[in-house]
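# Residue-level structural notes
What follows is the residue order along each chain.
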Amino acid sequence: MERRNFIKSLMMASAAATVATPNMLLANESAKEEAKTVENKKAPLKGPNDMSLEDAIKVITGDKEAKESDKIKLTVPEIAENGAVVPVKVEVDNPMEEKNYVKSIHVLNSKNSNSRCADIMLTPANDKAYFSTRVKLAETQEIVTIVALSDGTFMKAGKSIKVTIGGCG
Amino acid sequence: MAEEKKARKAMIKIKPKKYKVGDTVKVDFIVIHPMDTGMAKDKETGKIKPAHYINDITFSFDGEPFTKMKVWESISTNPYFSVNYKVTKKGKITVDYSDNLGEKNSKSKKVKPKQA
C-alpha cells in the first residue's frame with residue numbers, strides 16, 4: 001500500500017515537471033498569436049552567452065557596413081517542422097585565392113537569447129566557400145549570415161524561417 | 001585515481017568517396033554531443049541542465065589548419081558541420097574539438113586520392 005502511494009507521488013511529480021516547461025508552452029503558441037507577440041517577446045530564460053542580433057553584428061563587423069549581396073546563397077527551409085534541427089547552408093560565390101578569399105562566414109539568428117550560432121574561418125585550401133550545419137531555433141525568426149572577405153569588406157543575407165515546434169526546450 | 005577520459009563518438013566523412021588530387025571534396029564532421037544550452041530542464045529531475053556545448057573546432061590536414069570554427073549552444077544536439085577541401089596529396093585530416101567544460105577531443109580520417 002505504502003509502495004503504491006510512493007510510486008503514485010513520483011508519477012505526479014514527474015508529470016508536473018514535464019507539463020510546466022515555459023519554453024514548451026511558448027513554442028506551442030499558434031502562428032497567429034506568434035505574429036503579434038514575436039515583436040515584443042523576450043527570451044524566456046537567460047542563457048550563458050546572451051547577445052542580440054544587432055550586438056552580434058557589431059562585434060563581427062565593427063563599424064563597417066555589411067551590404068546585402070546576392071553572391072551569398074543562404075539555404076534554409078521556409079518552414080521548420082522541428083525547431084531542434086534546422087538545416088542551414090551558406091555558399092558564397094567568390095574566389096578562394098591567396099589574395100582574394102572568403103575569410104569567414106558567420107551564422108546568426110534573430111530571436112534565440114544568444115543570436116550567435118557559428119563563426120567559420122576559412123582559408124584558400126577550402127577552394128569553395130561553403131558551410132552547412134543544423135541549428136536550434138526557439139521560435140519563428142530570421143537566420144542571418146555575415147560574410148567577411150579578405151579585403152576587409154562584409155556582405156550579408158537573411159531569410160525567415162517559420163518554426164512550428166520550438167527547439168530549445 | 002585518474003578519471004577515465006570519455007571517448008566521444010565522432011565521424012568524418014569525405015564526399016565523394018572516390019576523388020583525385022586536385023578535386024574539391026566535402027568534409028562532413030558529426031559528433032555525439034548534447035549541446036545543452038543551459039536553459040532546458042532535465043525531464044526526469046526537473047532541474048536545469050547546465051550549458052554543455054562544443055565551442056571550438058579546428059580542421060587540419062597533416063597538422064596544417066585549414067578551417068577553424070567557433071560555435072555556440074544554438075547548434076543542434078549531435079552537431080553536424082560541413083566544409084569544402086581541395087585535395088593536394090595523400091595524408092590525414094584531423095578535427096580537434098573542445099567544449100565549454102574543457103573537454104578536448106580529436107578525430108582523424110585518411111585522405112587517399114585515387115591515381116589519375
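Scroll up for the structure.
These figures come from a predicted structure and were not determined experimentally.

### Description of the interface of chain A and chain B
Taken together, the contact pairs 35 residues of chain A with 30 residues of chain B. Of all the elements in the fold, those that place two or more residues in the side of chain A that touches chain B are α1 (2-19), β6 (116-121) and β7 (129-135) of chain A. Here the residues of the side of chain A that touches chain B sort into 15 nonpolar, 14 polar and 6 charged. Pairing of β6(A) with strand β4 (residues 64-71) of chain B, which is carried by 4 bridges, proceeds in the antiparallel orientation. Looking at β4(B), one finds that Asp119(A) is bridged to Lys70(B).

### Focus: unusual backbone geometry
It is generally the case that most residues other than glycine have a negative phi and that most peptide bonds are trans. Residue and element names in this part refer to chain B. A cis amide bond links lysine 15 to the next residue, proline 16, at an omega of 5°. Relative to the helices and strands, proline 16 resides in the loop between β1 (10-15) and β2 (24-31). Phi at aspartate 62 takes a positive value of approximately 50°, unusual for a residue other than glycine. With respect to the helices and strands, aspartate 62 occurs in the loop between β3 (54-61) and β4. Take aspartate 62: there are 12 C-beta atoms within 10 Å of it, and that puts it in the exposed class.

Rules used in this analysis
- Residues numbered from 1 in each chain as written.
- Chains lettered and ligands numbered in written order.
- Predicted model: local features only at pLDDT ≥ 70, side-chain atom pairs only at ≥ 80, totals over all residues.
- Contact = placed C-beta atoms within 7 Å.
- Helix = DSSP H or I, 4+ residues; strand = E, 2+ residues; numbered from the N terminus.
- Nonpolar A, V, L, I, M, F, W, Y, C, P; charged D, E, K, R; others polar.
- Pairing = 2+ DSSP bridges.
- Buried ≥ 20, exposed ≤ 12 C-beta atoms within 10 Å, placed from the backbone.

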